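Fold and contact review
Take a look at the letters that make up each chain.
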There are 8 protein chains.
Amino acid sequence: MIFNKHDKLVMIGDSITDTERKRPLGEGRNDATGKGYVTAVSALINSVYPELSLRIINMGISGNTVRSLKERWQTDVVDLQPDWVSIMIGINDVWRQYDQPVIKETHVYLEEYKSTLSELIQITKPLVKGIILMTPFYIEPNAGDCMRRTMDEYGAAVKEIAALHQTRFVDIQAAFQPVLEHTYPAELAWDRVHPNMTGHMVIARAFLNEVGFDWNKR
Amino acid sequence: MIFNKHDKLVMIGDSITDTERKRPLGEGRNDATGKGYVTAVSALINSVYPELSLRIINMGISGNTVRSLKERWQTDVVDLQPDWVSIMIGINDVWRQYDQPVIKETHVYLEEYKSTLSELIQITKPLVKGIILMTPFYIEPNAGDCMRRTMDEYGAAVKEIAALHQTRFVDIQAAFQPVLEHTYPAELAWDRVHPNMTGHMVIARAFLNEVGFDWNKR
Amino acid sequence: MIFNKHDKLVMIGDSITDTERKRPLGEGRNDATGKGYVTAVSALINSVYPELSLRIINMGISGNTVRSLKERWQTDVVDLQPDWVSIMIGINDVWRQYDQPVIKETHVYLEEYKSTLSELIQITKPLVKGIILMTPFYIEPNAGDCMRRTMDEYGAAVKEIAALHQTRFVDIQAAFQPVLEHTYPAELAWDRVHPNMTGHMVIARAFLNEVGFDWNKR
Amino acid sequence: MIFNKHDKLVMIGDSITDTERKRPLGEGRNDATGKGYVTAVSALINSVYPELSLRIINMGISGNTVRSLKERWQTDVVDLQPDWVSIMIGINDVWRQYDQPVIKETHVYLEEYKSTLSELIQITKPLVKGIILMTPFYIEPNAGDCMRRTMDEYGAAVKEIAALHQTRFVDIQAAFQPVLEHTYPAELAWDRVHPNMTGHMVIARAFLNEVGFDWNKR
Amino acid sequence: MIFNKHDKLVMIGDSITDTERKRPLGEGRNDATGKGYVTAVSALINSVYPELSLRIINMGISGNTVRSLKERWQTDVVDLQPDWVSIMIGINDVWRQYDQPVIKETHVYLEEYKSTLSELIQITKPLVKGIILMTPFYIEPNAGDCMRRTMDEYGAAVKEIAALHQTRFVDIQAAFQPVLEHTYPAELAWDRVHPNMTGHMVIARAFLNEVGFDWNKR
Amino acid sequence: MIFNKHDKLVMIGDSITDTERKRPLGEGRNDATGKGYVTAVSALINSVYPELSLRIINMGISGNTVRSLKERWQTDVVDLQPDWVSIMIGINDVWRQYDQPVIKETHVYLEEYKSTLSELIQITKPLVKGIILMTPFYIEPNAGDCMRRTMDEYGAAVKEIAALHQTRFVDIQAAFQPVLEHTYPAELAWDRVHPNMTGHMVIARAFLNEVGFDWNKR
Amino acid sequence: MIFNKHDKLVMIGDSITDTERKRPLGEGRNDATGKGYVTAVSALINSVYPELSLRIINMGISGNTVRSLKERWQTDVVDLQPDWVSIMIGINDVWRQYDQPVIKETHVYLEEYKSTLSELIQITKPLVKGIILMTPFYIEPNAGDCMRRTMDEYGAAVKEIAALHQTRFVDIQAAFQPVLEHTYPAELAWDRVHPNMTGHMVIARAFLNEVGFDWNKR
Amino acid sequence: MIFNKHDKLVMIGDSITDTERKRPLGEGRNDATGKGYVTAVSALINSVYPELSLRIINMGISGNTVRSLKERWQTDVVDLQPDWVSIMIGINDVWRQYDQPVIKETHVYLEEYKSTLSELIQITKPLVKGIILMTPFYIEPNAGDCMRRTMDEYGAAVKEIAALHQTRFVDIQAAFQPVLEHTYPAELAWDRVHPNMTGHMVIARAFLNEVGFDWNKR
């Protein structure tokens, strides 16, 4: 696994990350890391690699777009002096274009999304050991659905940025694909966005595979 | 993995199993399987083996002893016609002897524990494809601690019963051992009994290893 | 309009009808008819035809299937001695097959749906001035979606039954079609099932058109 | 209808408008536009004219008088840059004179009402495509009632101002007249001020008739 | 005053009497007699005639009609073995005819009102020292209002019954008259039915005048 | 009665006055004047002298001493520009000496009490038509009780100050005397300080007698 | 101390005993024995005599009189098979005569008190190792107070009964005497009945002195 | 006893001291001193030495370390001008090292602990009559437990500092020793840190023995 003893990992994003984490910092006792993939990642690493004493901090905030991340990047990422940062953002950037199309000031279009995300990576790259970029996703198997198509464009943008800045990259949308072959979206997420624990485990597993987690350790 | 398509698995036990599951049946949307190892097991199986359409029902009830299980065995296990049953019981049987020693009617001593558990296995064996017995546990690394010693006796009894009735067996106490070499109990469970998600993942992984879960599938 | 002075109309169904109506009877002051299409229908009729003194009772119950309606038909419809009955049922009959496919006892398949609905119509026809049957619906524009396809089959069954028993018929799924040409489902209903007031107004308007409501009256 | 594609309509007023709308802006998902005539207007326009993508924002605040509107006009109307503004104000200006006559600083007498409302119209007229003025109302059929008489004076003032500034005008008090011929006030509004959905539909229909809504469209 | 030392007075009625009294018996410490005229009567008698040790029990229940009183007369009046009984009933009997005219089973028309009230008097007369009948009332000064006219008919019926059975009689509607000459109804009662403390004091004073309370005692 | 049409009366004090009044001003609809003697006074005046349109504002604050009154006198009395002011203060000044004798900074001893109260009277006298001073009281009939003795000293001080500055004066302690001859303190006030409505009526009657209220008016 | 290893002590009474204990049995973790003298007794015995493993069960119920005790004596005392029983009852028997004198059915007069208490002692004596009778008390230093005088009569009755049946006896009223010489009642108990922890410690110490507790043990 | 009439004692510490005390000052009526050893100390002193009128203020705050005490020492100790100060601190300084080892900024290591505590003593010594230092403790009988060993080091540091500065000293860890010989930790404190009342009484007794409390007084 890419993490070293005592490394600090900050995981930032929107409601998929947040999942009712503790404020101001999502770490410590009693569900402090929330009820989603961050806690699944933390539980798997801490139960399999207890000797690493990894420090994981959930900094997700519900409703955030990449524009929101930029506003709080200094205090919520840089000031925490992490060794590693994971980012999953973009769902709200897209969703607002479809669930409240007339409220245009809440939309973050592709250009702004790409330039802002790139800017955050550039700021952060020199300060950390590594960055893990994850695509936003939409639990909609119909490739012709217009919101799914837009989400895929944002996912492709994340892939480009990861390649350009040579960060690690996890394609979450792709990770959902095999599950959706057997599972109707309504079983995973009532609104096709906020998954149940099965969906969060899909995310956690994709993340852990990217960081070299050894599932058969011990 | 030992489970077949459309199999039904009932997981029964005490508060470690319960974890605020839905009543009367711990299955369905929205945390219906609780917040502990049952949900971790369910999330891992459903995300890795979605083609199995496994049905998992959490029937744990906080505070239960093996005496409580006997009282509700017909309605809460037999009537559900499961293909598989997992049982983790005994923590309260032991704990009450130590946290309220003067209230003796709440204690379940070893003889009653063994005979009752055996009786439940005998009733159930002919009705199901298989039973998975899990030991109770105490997150106390000091082998000389008196409550830990008693818990180990109950765990040994589970092992005997599993061997006698040829059921599957998971040693949860043993599964905690490598984690406790690096982790102080207070980090896993404030009362050394109710674990955080890391502790629940220890249980889930031990269970999944016993049932042949393939961690590297897909 | 088909209703006469002092007629009593009972509107029954599932959560789309219920919308937090009063118990045991959904009529009277303060949101007693709920927050959905029943209240929109009532408000439009009472503001445009106040001279009719129509009595509208909302008898929807969230989560109901046609099987649930049958169980409470005597007390919740027949005993109320209505002049008119409207029925919109079937969404949960279908939805449970997709959002909890392993819990099969909660599914109501097409055969049972058709025979049960027919039975209710046969019982009720002789007792009332008329019945208004409405199709269940799914706010999913993709005709290839499997749950939408199933819902369409149930809608077709309603149409058949209406024709066979010569009741009035409203195709709610069809009523949503023109709106969905301009509106993404997430704007109307977060889960593609429970609409906002715009969606409820679509239902109310389709219903009122069928019963001969004169929009330009006065 | 007078509205064009993508037009923004701000509807401002007192508790009749507010009806528990979202703060700070009454727009978006989940009852954000409240539970009254604004939502009825919005639901009717969005279900019949979905192609317009009209943006409707409820800016009503319970308890407001025209004096309150003036204090927040810049932030709550001008800064939102609406294309259209609807105003229904005056009920509290009158009511306080009758339900707490000794607390005179809460009263807004006719002179202040007229001059303030005129001032708001003058400020706003050049900034928007159009203004819809609605009269305040009192659900009291007795023309000799002293509070009804005062309310009628305020309504007449609205009519004068509308004529003077050539804005659109809706006589809400008049719209209630035919309904009150068949309906006792207590059925519409327990306090003769805050109507149920039937009363709100009376307001919505009067408003929509003025703006050229085609009830038989599609 | 007509009451003797240690007399027990039961005061029964609807919400005007109830005013959140204690259940099952409205007597004792801490607002047990409610927040209305019963408490005002009790406070005035106990502060001016402490030597009487009068026992006053509030048995009002919100929403009651004379039909409701009949159903509970045995347990709530007769079984308490009062020396005196006061009755104020009829507001809901009338109000339901006006605020929910279509729900006819909730109306109590004049014939039933008169016969039921007479029956209760006949049963009770031989068991007590005296009965005080109070008219229902409506805080509506417009004598031409239809609900006020109906209420006056019910009040007249109370007067007749009082005369026929020779009970004491208090005309509450008349007691409100001089106050309404100076006070608009909205100041006394938002819905013209449930008065504030000023309105309750009007009732209490009218009651006390009838029973011979000496305002200048001591 | 000493009050004229449209006079404004501010009643200030401690918890006996406060009784959960509205903030910041204790006037208006719905228990705004609290649940004690202020409301009793208001209800009696408004029901008997409705033509006066008297404005009564309750400015009591629980826990206040004369020291607290001084701190808020400008904003809570002077700025309101009353025609009349009533003051009942001193209970906490004394009580704290007996219920928390070691917390001496909460005690207000007699010298400070007298000088502060005098100062407030001197400031206010020129600004108003009149002042009504009421003694603090203790519902303890045993004249030898030490707290009662102290309270009597404070009451005597009020009497002196009233005489000195020629204000109106009400001896509340004396008003309780005849009631206490027939009533045990526990029936009036569980803590011998906060009376039930009977006790508040004793205060209200003593106040009204002083201001010339005509109990037999109309 | 009179207690032996593993003895079970049931302490029964009214609100002074109850103090929010757990239901149905007042024993176990987390304030199960309440917040009063029972918990003080338990904490002192368990911290000083841990080797005794004494089992203490709080069976007090707020509002109880000796009449209430009789009704539940079989289930709440006899069925628990205690070795020792302590009883403190009588406060409500007396108090109700003074705080609600007109509600006579709630009073328990001296004759009934004596005969009922005697009866309970006679039933229980043969079943237990010993009984500890405690007097009711009133934190009122004025010996001339009428309620205090009555309480003293009930206390004297307890003393007689204790002597007659040769039970242990604790004079709680007397135990308060030296504290009341330095402390005003309001500091110990706002209503002179329900003491703060200082008052409960007075009771606990008096009880422990009677049962031979060695304060200087260890 | 070392305390004199009217002395003021401030007791400061962490959650063991706090126990839900009142803010900002933990003194006065109704559990103001919390539910732990401070209240036990206060109740014992006030019931046995009422003539002293000792003033005890609980200034504990949950979660505090010695670093937290330093930050609030001026306002929470010095400004209160106590005659005596008791300090029990260090549990969180140690515990955080074991229950959240990766969050290092929350740990207070031994050096900082000693120097900070010494500094507080030096500041305070000249201002007061005396200081009572109490050791932190851990209800863990296994001397080999790593957290217990660390706690013992902190306790030893307290002893050193007490000796160096000649303050009074109470070894709380030692006081628990005899109880732990008969009692399993889970019976005293579910998390081995926050004791039940028995544990708090152990602390109170150790404290009172040090200050010369005469258990057999009176």
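As the structure is a prediction and not an experimental result, all values here were calculated from the model.

1. A word on the overall build of chain A
Across its full length, chain A carries nine helices and five strands. For 218 residues, the compact-globule formula gives about 17 Å, and the C-alpha radius of gyration of chain A, at 16 Å, lands near that figure. Considering only C-alpha atoms, chain A reaches an extent of 50 × 40 × 35 Å along its principal axes. Counting over 218 residues, chain A shows a buried share of 64%. Restricting to contacts in chain A with at least 6 residues of sequence separation, those with at least 24 account for 77%. Of the roughly 7700 Å² of accessible surface on chain A, 50% is carried by carbon and sulfur atoms.

2. Some words on the interface of chain C and chain A
Chain C puts 16 residues into the contact, and the matching count from chain A is 16 residues. For the pair chain C and chain A, the two sides together bury roughly 1400 Å², of which 53% comes from carbon and sulfur. Looking at the side of chain C facing chain A, the largest losses of area belong to Tyr184(C), Glu187(C) and Trp190(C), adding up to 40% of the total buried there. Counting the contacts that link chain C with chain A gives two salt bridges. Here Arg192(C) makes a salt bridge to Glu140(A), at a shortest N to O gap of 3.2 Å. Every element with two or more residues in the side of chain C that touches chain A is listed here: α4 (91-99), α6 (146-165) and α8 (185-188) of chain C. It is α4(C) that contributes the most residues to the side of chain C that touches chain A, three residues altogether.

3. Describing the sheet that holds strand β5 (residues 168-170) of chain C
Residues and elements named next belong to chain C. The strand order β2-β1-β3-β4-β5 describes an open sheet built from five strands, whose pairing is parallel. Of all the strands in the sheet, the pair left with one neighbour each is β2 (55-58) and β5. The sheet shows a mean angle of 15° between the axes of neighbouring strands, direction not considered. Pairing of strand β1 (residues 8-13) with strand β3 (residues 84-88), which is carried by five bridges, proceeds in the parallel orientation. Among the inter-strand pairings, Ile-12 is bridged to a residue of β3, identified as Ile-87. With respect to the sheet, helix α2 (residues 37-48) is in contact with β1, β2, β3 and β4 (130-134), its orientation differing from that of β2 by roughly 170°. Helix-sheet contacts for helix α3 (residues 66-76) involve β1 and β3, and the interaxial angle to β1 is about 160°.

4. Regarding the relation of the copies chain C and chain A
Between the two chain copies there is a screw-like relation: a rotation about an axis and a shift along it. Once chain C has been moved 0.0 Å along the axis and rotated by 180°, it coincides with chain A to within an RMSD of 0.0 Å. Put plainly, the chains are arranged around a two-fold axis. Distance from the rotation axis, computed per C-alpha, reaches its smallest value in chain C at Asp191(C): 2.4 Å. The fraction of interface residues of chain C whose copies in chain A are also interface residues reaches 100%, indicating that both copies meet through the same surface.

5. Thoughts on the interface of chain A and chain B
A common way to express how large an interface is: the accessible area buried when the components associate. Contact with chain A, which involves 27 residues of that partner, is made by 27 residues of chain B. Overall, the association of chain A and chain B removes approximately 2400 Å² of surface from exposure, summing both partners, and the carbon and sulfur fraction of that is 65%. On the chain A side of the interface with chain B, the three residues burying the most area are Met201(A), Arg205(A) and Trp215(A), jointly 21% of the side's total. Along the contact surface separating chain A from chain B lie zero salt bridges. Listed by contribution, the elements that provide at least two residues to the side of chain A that touches chain B are α2 (37-48), α7 (172-180) and α9 (197-210) of chain A. Residue contributions to the side of chain A that touches chain B peak at eight residues, all from α2(A). When the residues that make up the side of chain A that touches chain B are grouped by side-chain class, the tally is twelve nonpolar, nine polar and six charged.

6. Quick word on the state of the cysteines
Counted by the stated rule, this structure contains zero disulfides over all chains. Free of any disulfide, Cys146(B) has its nearest neighbouring cysteine sulfur in Cys146(H), separated by 19 Å.

7. So, the packing of aromatic side chains
To describe a pair of aromatic rings, you give the distance between the ring centres and the angle between the ring planes. Summed over the entire model, instances satisfying the criterion amount to 60 aromatic pairs over all chains. Here the aromatic cluster, defined as three or more aromatic residues joined through ring pairs, consists of Tyr49(A), Phe213(A), Trp215(A), Tyr49(B), Phe213(B) and Trp215(B). Here the guanidinium or amino end of Lys217(C) rests over the ring plane of Tyr49(C), the centre of that ring lying 4.6 Å away. Here Arg205(D) stacks its cationic end above the ring of Trp215(D), 5.1 Å away from the centre of that ring.

8. Focus on unusual backbone geometry
Working note: non-glycine residues mostly have negative phi, and peptide bonds are mostly trans. With omega at -5°, the peptide bond leading from Arg23(A) into Pro24(A) counts as cis. Structurally, Pro24(A) can be placed in the loop between α1 (15-18) and α2. We note that Asn30(B) has phi near 55°; this positive angle belongs to a residue other than glycine. On the secondary structure map, Asn30(B) appears in the loop between α1 (15-18) and α2 (37-48).

9. What to know about the UniProt feature "domain: SGNH hydrolase-type esterase" (unreviewed entry) in chain A
UniProt records the feature "domain: SGNH hydrolase-type esterase" (unreviewed entry) at residues 12-200 of chain A, using the numbering of this structure. Between the first and last C-alpha atoms of residues 12-200 of chain A the distance is 15 Å; the span itself is 47% helix and 10% strand.

10. Remarks on α2(A)
All names here are of chain A. Under the 1.5 Å per step criterion, the end-to-end length of α2 is 16 Å for twelve residues, consistent within 8% with the ideal 16 Å. Among the twelve residues of α2, eleven are classified as buried, and the element is accordingly described as predominantly covered. Listing the buried residues of α2 in full gives Tyr-37, Val-38, Thr-39, Ala-40, Val-41, Ser-42, Ala-43, Leu-44, Ile-45, Ser-47 and Val-48.

11. Some thoughts on the sheet that holds strand β5 (residues 168-170) of chain G
Residues and elements named next belong to chain G. Overall, parallel pairing links the five strands, which are arranged β2-β1-β3-β4-β5 in an open sheet. Each edge of the sheet is formed by a strand with only one pairing partner; in this case those strands are β2 (55-58) and β5. Across the sheet, the axes of successive neighbouring strands diverge by a mean angle of 15°, strand direction being ignored. Relative to β5, helix α9 (residues 197-210) is tilted by about 150°, and along the sheet it contacts β1 (8-13), β3 (84-88), β4 (130-134) and β5.

12. What to know about the arrangement of the chains
For chain D and chain G, which are not in contact, the least C-alpha distance works out to 39 Å. Spatially, chain E is disjoint from chain H: no contact exists, and the shortest C-alpha separation is 20 Å.

13. Looking at the confidence of the model for chain A
Here chain A shows a mean pLDDT of 97. Residues at 70 or above account for 100%. Reported for the predicted complex are a pTM of 0.96 and an ipTM of 0.96.

14. Observations regarding the environment of Ala189(A)
Residues and elements named next belong to chain A. Note on placement: Ala-189 falls in the loop between α8 (185-188) and α9. Classification of Ala-189 as buried rests on a relative accessible area of 2%. Contact partners of Ala-189, with chain neighbours within four places excluded, come to Ile-139, His-194 and Pro-195.

15. Quick look at the side chain of Thr167(F)
All names here are of chain F. Position of Thr-167 relative to the elements: it lies in the loop between α6 (146-165) and β5 (168-170). The exposure class of Thr-167 is buried, given its relative accessible area of 12%. The contact partners of Thr-167, leaving out residues within four places of it in the chain, are Ile-121, Lys-125, Ile-131, Leu-133 and Ala-162.

The rules behind the values
- Sequence order sets the numbering: in each chain, residues are counted from 1 along the sequence as written.
- Here the convention is simple: chains get letters from A, ligands get numbers from 1, in the order in which they are written.
- Where totals are concerned, whole chains, interfaces and linings use all residues; where local detail is concerned, this predicted model gives features only for residues with pLDDT of at least 70, and gives and counts side-chain atom pairs only at 80 or more.
- Think of the side-chain values as coming from all heavy atoms in the structure, minus any hydrogens and water.
- For helices the rule is a DSSP run of H or I covering at least 4 residues; for strands it is a run of E covering at least 2, with both sets numbered from the N terminus onward.
- Two things to know: the radius of gyration comes from C-alpha atoms, and the globule rule equals 2.2 Å times the number of residues to the power 0.38.
- Exposed residues in this analysis have more than 50% of their type's maximum accessible area, buried residues have under 20%, and partly exposed residues fall in between, with area computed by a 1.4 Å probe over protein chains only.
- Throughout, a contact is declared for two residues whenever any of their heavy atoms are within 4.5 Å.
- Here the Shrake-Rupley method, with its probe set to 1.4 Å, supplies the accessible areas, and only the displayed protein chains count as covering residues.
- Once two parts are put together, the accessible area they lose, assessed with a 1.4 Å probe and summed over both, is termed the buried area.
- In the sections that follow, a salt bridge refers to a side-chain nitrogen of Lys or Arg positioned within 4 Å of a carboxyl oxygen of Asp or Glu.
- Note: two strands are recorded as paired if DSSP finds a minimum of 2 bridges between them.
- Axis definition: a line fit to C-alpha positions, over the contact stretch in the case of helices; interaxial angles, taken between N-to-C directions, run 0 to 180 degrees.
- Least squares is used to superpose the copies, and the fit set is the C-alpha atoms of residues whose pLDDT is at least 70 in both copies.
- For this classification, the nonpolar set comprises Ala, Val, Leu, Ile, Met, Phe, Trp, Tyr, Cys and Pro, the charged set comprises Asp, Glu, Lys and Arg, and every other residue, Gly included, is treated as polar.
- Throughout, disulfides are identified as pairs of cysteine sulfur atoms within 2.5 Å of each other.
- Any Phe, Tyr or Trp ring, taking Trp's six-membered ring, that has another such ring centre within 6.5 Å forms a pair; planes under 30 degrees apart are called stacked, those over 60 apart edge-to-face, and the others tilted.
- Any Lys NZ or Arg CZ that is within 6 Å of a ring centre and within 35 degrees of that ring's normal is treated as a charge sitting over the ring.
- UniProt positions are given in the numbering used here, feature names are shortened, and annotations may be inferred rather than shown by experiment.
- One fewer than the residue count of a helix, multiplied by 1.5 Å, yields its expected span.
- The score called pLDDT rates the predictor's confidence residue by residue, from a low of 0 to a high of 100.

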